[in-house]
Amino acid sequence: MDQLLLSRLQFAFTIGYHILWPAFTIGIAWFIVVLSALWMRTHNPVYRHLVRFWTKVFALAFGMGVVTGVVISYQLGLNWSGYARATADVIGPLFVMEVLTAFFLEAGFIGVMLYGEEKVGEKLHFTACLIVALGTVMSAFWIISANSWMQTPAAFTTTADGRFVATDFWGVVFNPSMPYRLAHMVTASFITGGFVVTGVSAFWIWRGRSADQPAARKAFSICLALMAVLVPAQMVIGDQHGLNTRKYQPMKLAAIEARWDTARRVPINLIAWPDEKAERNDYALEIPLLGSLILTHSLNGEVKGLKEVPASERPPVLPVFLAFRVMVGCGLLLLLVAFTGLYLRWRGRLYTTRWFQIVCMGCIPLGFIATLAGWVITEVGRQPYVIYGHFRTAEAVSPIATGAVASSMAVAFILYNCLLLGFFWYAGRLAWQGPMSGVPTHPAVPLATVAAALGQIPQTVEGAK
């Protein structure tokens, strides 16, 4: 492998690993807000136990996200110095705003969220949970804005030495694809976190431990209801995002569909094996006309083909094509599970259908897989550019020795997987213990009440005689 490919693989691994944690913590943070609001409104202790349990899991994942996110900033300077030099005037302010408005916000209130429930009161604790949840979304806002500008650059000019300079800050922030990407990513995070809660709650129900049942059923019911709304909404958002991609990144869309020739009334490729050298698809399974209808919302809509540009200007077709089908396949499975939950709820069998509980447990990784597949589409689909249409990836990479990149990638692979095993160990122990871990089986009785009761025993005995 050459140094450019190794640098790309290293960054793909580290940022792909990192994105798992924001995708999880955004959804969990807002679920904690919902639970905290329900606790304040009803004072049902079940909601309080759920808040405490999922806050512990959130803390573990939040720590993983911070540790792996710091590495990304170092990589931008070390492995991608060409990119850092060329885009610092545009991207730098967005990263600064992410730290100032999001990371500091989360860091400032996460201590109250984790440890302040007994000290500050329920209202202030709810406020801390809400601020941390808002911080996760604000962080996503700035990062997605930066990434979207790289996909659909706007409001900039270039200097004589090749640097990008912003001409309108808000034009950079709200570039043409940013609203669609933000909505798509945040909704994906809600779905990812929601199905983790659904799967863990299904495990508690399936295990059948009586102490866990009230909390497990509440979480299971709430999340499945939310997923029945969010998964269809995500598909609508994805459709709008696709229309935006067709307008601003036609070659990415061509790679997604493995469409070689520009045409109207095109079929949809359900599955195929794209052959980039021969510029054709092998073993293709197509549905006539559906491609134009889905991609353009018109039966006679035109879809650009990859042959519109030279081979050197095309993204790698096979990984983009397959990743899109993985993402959509995961989404369809999650939609089926969410709607099955609605049907079982209607039939009164939501908590008693054991095969459905096993299916929900199996759905835990699907949100993560879909998120990773979506990022493969996003990042690989814009190649060979790092700033789409303006700045090639080969120009962005640092002149580092191949061995240095390979060895640092090996170290990152080992350390990251050790971190992942540690997370699975602690989070798995928490899930195994259940939401009622540490809660007394019987409520505590004040000592004065016990003494008073003991004082009545002789009289009670005498009365009985």
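None of these values were measured; they are calculated from a predicted model. (Residues numbered from 1 in each chain as written. Predicted model: local features only at pLDDT ≥ 70, side-chain atom pairs only at ≥ 80, totals over all residues. Heavy atoms only, no water.)

K.L.:
Would you take a moment to explain the overall build of the protein chain for this structure?
P.N.:
Within the protein chain one finds 17 helices and eight strands. For the protein chain, the C-alpha atoms occupy an extent of roughly 105 × 50 × 40 Å along the three principal directions. Taken over 465 residues, the protein chain has a buried fraction of 46%. In the protein chain, once contacts between residues fewer than 6 apart in sequence are set aside, the share between residues at least 24 apart is 78%. Entry remark: accessible area of the protein chain is about 22,100 Å², with carbon and sulfur atoms responsible for 69%. Counting 34 positive and 24 negative side-chain charges, the protein chain places the centres of these two groups 10 Å from one another. (Helix = DSSP H or I, 4+ residues; strand = E, 2+ residues; numbered from the N terminus. Buried < 20%, exposed > 50% of the residue type's maximum accessible area, 1.4 Å probe, protein only. Contact = heavy atoms within 4.5 Å. Areas by Shrake-Rupley, 256 points an atom, 1.4 Å probe, with all protein chains shown as cover. Lys, Arg positive; Asp, Glu negative; His and termini not counted. Charge placed at Lys NZ, Arg CZ, Asp CG, Glu CD.)

K.L.:
Got a minute to help me understand the pairing of strand S4 (residues 268-275) in this structure?
P.N.:
One face of the sheet, then the other: side chains in a regular strand alternate in exactly this way. By the bridge criterion, six bridges tie S4 to strand S5 (residues 280-287) in an arrangement that is antiparallel. Paired with Asn269 across the two strands is Glu286, which belongs to S5. (Pairing = 2+ DSSP bridges.)

K.L.:
In this structure, what is going on with the layout of surface pockets? I would like to understand it.
P.N.:
Remark: the empty space left among the atoms is shown by a probe the size of a water molecule rolled over them. Here the second largest pocket is characterised by a volume of approximately 1,200 Å³. Around the second largest pocket sit 44 residues that line it, and His184, Gly238, Phe324, Met327 and Val328 are the ones nearest its centre. (1 Å grid on protein atoms, 1.4 Å probe; cavity = no way out; pocket = protein on both sides within 12 Å on 5 of 7 lines; lining within 4 Å. Points joined across faces, edges and corners; volume = space filled by probe spheres on them.)

K.L.:
Honestly, the nonpolar core in this entry has me stumped. Any pointers?
P.N.:
For soluble globular proteins, nonpolar side chains are generally found buried alongside one another. Membership of the largest hydrophobic core comes to 74 residues, with the highest contact counts inside it found for Trp54 and Phe58. Sequence-distant contacts of Phe58, defined by excluding residues within four places in its chain, comprise Thr25, Ile28, Ala29, Ile32, Ile110, Met113 and Val132. If you look at the next biggest cluster of nonpolar residues, it comprises 32 residues, including Leu76, Trp142, Ile144 and Phe164. (Core = buried A, V, L, I, M, F, W, Y, C linked by side-chain atoms within 4.5 Å.)

K.L.:
Can you help me understand the state of the cysteines in this one?
P.N.:
A disulfide bridge is the covalent bond that connects two cysteines by way of their sulfur atoms. If you walk through the whole model with that rule in mind, you get zero disulfides. Between Cys223, a cysteine without a disulfide, and Cys360, which holds the nearest cysteine sulfur, the sulfur-to-sulfur distance is 10 Å. Assessed through its relative accessible area of 0%, Cys360 is described here as buried. (Disulfide = S-S within 2.5 Å.)

K.L.:
Before we go on, may I ask you to explain the packing of aromatic side chains in this structure?
P.N.:
The relation between two aromatic rings is expressed through the spacing of the ring centres and the mutual angle of the planes. Under the defined criterion, the tally for this structure stands at 28 aromatic pairs. Ring plane angle 65° and centroid distance 5.8 Å describe the contact between Phe141 and Phe174, whose orientation is recorded as edge-to-face. Pair noted here: Phe141 is in helix H5 (residues 122-151) and Phe174 is in the loop between helix H6 (169-173) and helix H7 (178-207), with a separation of 33 residues, a long-range link. Under the relative-accessibility criterion, Phe141 is labelled buried at 18%. A centroid spacing of 6.3 Å and a plane angle of 40° characterise the contact between Trp142 and Phe169, whose relative ring orientation is tilted. A residue pair is termed long-range when its members are at least 10 positions apart, and Trp142 in helix H5 and Phe169 in helix H6 qualify at 27 residues. On the accessibility criterion, Trp142 (6% relative accessible area) is buried. Judged by relative accessible area, Phe169 falls into the partly exposed class, the value being 31%. Within the aromatic cluster, the residues linked to one another by ring pairs are Phe13, Tyr17, Trp21, Phe413, Tyr416, Phe423 and Phe424. Directly above the ring of Phe321 sits Arg325, whose terminal nitrogen or CZ lies 3.7 Å from the centroid. (Phe/Tyr/Trp six-rings, centres within 6.5 Å; stacked < 30°, edge-to-face > 60°. Lys NZ or Arg CZ within 6 Å of the ring centre and 35° of its normal.)

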